[in-house]
Amino acid sequence: MKHGHENPGELGGIFLNLIILLFLVIFCAVLYLVRRPMLRFTAESWVIEDPLDKADAIIVLGDDNFYADRATRGAELFREGKAPVVVASGRRLRPNAGMAELMEHDLVERGVPRDKIVRFAHDADSTLEEAQGLVRLAKERKWRSVIVVTANFHTRRARYIMRRVFPQGMEVRVASARDGDFDPQRWWEKRKSIKELTREFAGMVVAVWELRGRSETSETTQSVVGLGGLNPQLVG
């Protein structure tokens, strides 16, 4: 019997396990230390803004938040002379009233003349359906370029959808509106912000699936089929 003598293989296995455990501890410690920069990078990489040249119209997507941040950015761009008209897009809440009317009110309060506002009321249930309705509006108005204003956390998905739904030859640029409920620097500290960003990630997956096979600025002959269900109402 060989008491007091360890098997070299067993010693090697124990040593290897200790090394692996040490690396795991170090890895977890590093993750903990860099968690905030990583979380900030996640949100900041999701927020985009295109170079904003002059366009034929500024389109403010619905639904705006409690602070009217999207309307505020749309009005700001209008005052800067980026486009001659602003589209107030929003869901109908009643037969003759909805989010578009509320957004129009917010735009007027922020310095956009009422006769420069195109009210676009619709029954869309998603950004994709809203984009399809806006395509018809843009074609009717013969617009060649638009600036789409939406909440910061929604910009990447909105641009992905818009550039695959709007027709070839129509330039689509996206402008980011700050959101009072979503701060990319500290979004993980608020439950609502976590919910919004998680929903955006899931929405992007759905958008990629629904628009698979479409390239940016592709023709939209198929995308405007069935727009009667959106029941858009245009004023302005």
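Quantities reported herein were computed from a predicted structural model and do not represent experimental measurements.

1. Remarks on the environment of Lys142
Considering the arrangement of structural elements, one finds Lys142 in the loop between helix 5 (127–141) and strand 5 (145–151). Considered as a pair, Lys142 and Met170 are 28 residues apart in the sequence and their alpha carbons are 9.6 Å apart.

2. Notes on the side chain of Arg163
Secondary-structure assignment places Arg163 in helix 6 (residues 155–165). A relative accessible area of 17% places Arg163 in the buried class. Reaching out from Arg163, the side chain makes a polar contact with the side chain of Asp50 at a distance of 3.2 Å.

3. A short note on the nonpolar core
Soluble globular proteins tend to bury their nonpolar side chains together. Val87, Leu134, Trp143, Val146, Ile161, Met162 and Phe166 are the most contacted members of the largest nonpolar core, which totals 36 residues. For this core, the elements supplying multiple residues, two or more each, are helix 2 (35–46), strand 1 (57–60), strand 4 (117–122), helix 5, strand 5, helix 6, strand 6 (171–177) and helix 7 (191–210). The leading source of residues in this core is helix 5, at 6 residues. Residues in contact with Met162, not counting those within four places in the same chain, are Leu61, Thr127, Ala131, Leu134, Val148 and Val172. Within the second largest apolar cluster, 20 residues are counted, among which are Ile58, Ala68, Ala75 and Met103.

4. Here's the deal with the packing of aromatic side chains
Scanning all chains against the criterion turns up 4 aromatic pairs. Ring geometry for Phe66 versus Tyr67: centroids 5.5 Å apart, planes at 90°, classification edge-to-face. Exposure remark for Phe66: the relative accessible area of 76% places this residue in the exposed category. Classification of Tyr67 by relative accessible area gives partly exposed; the value is 40%. Just above the ring of Tyr160 sits the side chain of Arg164; from NZ or CZ to the centre is 3.8 Å. The positively charged end of Arg212 is found above the aromatic ring belonging to Trp209, 3.9 Å away from the centroid.

5. Quick notes on the packing of helix 5 against helix 6
For any two helices packed against each other, one specifies the inter-axial angle together with the distance between the axes. Between helix 5 and helix 6, the shortest axis-to-axis distance is 10 Å and the interhelical angle comes to 40°. Comparing the axis directions of helix 5 and helix 6 gives the class oblique. Note on packing geometry: the crossing formed by helix 5 with helix 6 is right-handed. Taking contact as the criterion, the partners of Thr127, Leu128, Ala131, Gln132, Leu134 and Val135 in helix 5 are, on helix 6, Arg157, Ile161, Met162 and Val165. Of the residues belonging to the contact of helix 5 with helix 6, the class tally is 7 nonpolar, 2 polar and 1 charged.

6. Some thoughts on the confidence of the model for the chain
The predicted coordinates should not be examined in detail at positions where pLDDT is low. Model confidence for the chain is summarised by a mean pLDDT of 84, while 81% of its residues fall at 70 or above. The secondary structure element of the chain with the lowest average pLDDT is strand 7 (residues 233–235), at 54, and the one with the highest is strand 1, at 98. Low pLDDT (under 50) marks residues 218–231, which in the prediction has 33 contacts with non-local residues, meaning those over four places away or in another chain.

7. Overview of a nonpolar patch on the surface
A surface patch of nonpolar side chains, about 380 Å² in accessible area, is lined by Ile14, Leu18, Leu21 and Val25. Looking at the secondary structure, you find Val25 in helix 1 (residues 8–33).

8. Some points on the pattern of salt bridges
One pass over the full model with this rule turns up 18 salt bridges. One salt bridge in this structure joins Arg92 and Asp123, with 2.9 Å as the shortest N-O distance. Of this pair, Arg92 sits in strand 2 (residues 86–94) while Asp123 sits in the loop between strand 4 and helix 5, and the two are 31 residues apart along the sequence. Given a relative accessible area of 25%, Asp123 falls into the partly exposed group.

9. A closer look at helix 5
Compared with the 21 Å implied by 1.5 Å per residue over 15 residues, the 21 Å span of helix 5 between its first and last C-alpha is a close match. Within the sequence span of helix 5, burial applies to Thr127, Leu128, Glu130, Ala131, Gln132, Gly133, Leu134, Val135, Leu137 and Ala138. Positive phi appears at Lys142, one or two residues downstream of helix 5, with a value of about 60°.

Analysis parameters
- Residues numbered from 1 in each chain as written.
- Predicted model: local features only at pLDDT ≥ 70, side-chain atom pairs only at ≥ 80, totals over all residues.
- Heavy atoms only, no water.
- Helix = DSSP H or I, 4+ residues; strand = E, 2+ residues; numbered from the N terminus.
- Buried < 20%, exposed > 50% of the residue type's maximum accessible area, 1.4 Å probe, protein only.
- Polar contact = N/O pair within 3.5 Å; in protein donor to acceptor, adjacent residues only side chain to side chain.
- Core = buried A, V, L, I, M, F, W, Y, C linked by side-chain atoms within 4.5 Å.
- Contact = heavy atoms within 4.5 Å.
- Phe/Tyr/Trp six-rings, centres within 6.5 Å; stacked < 30°, edge-to-face > 60°.
- Lys NZ or Arg CZ within 6 Å of the ring centre and 35° of its normal.
- Axes fitted to C-alpha atoms, helices over the stretch in contact; angles between N-to-C directions.
- Parallel < 35°, antiparallel > 145°, perpendicular 65-115°, else oblique.
- Left-handed = near helix turned anticlockwise from the far one by under 90°.
- Nonpolar A, V, L, I, M, F, W, Y, C, P; charged D, E, K, R; others polar.
- pLDDT = per-residue confidence, 0-100.
- Patch = residues over 30% accessible without salt bridge, like charges linked within 9 Å, V, L, I, M, F, W, Y side chains within 5 Å.
- Areas by Shrake-Rupley, 256 points an atom, 1.4 Å probe, with all protein chains shown as cover.
- Salt bridge = Lys/Arg side-chain N within 4 Å of Asp/Glu carboxyl O.
- Expected span 1.5 Å × (residues − 1).

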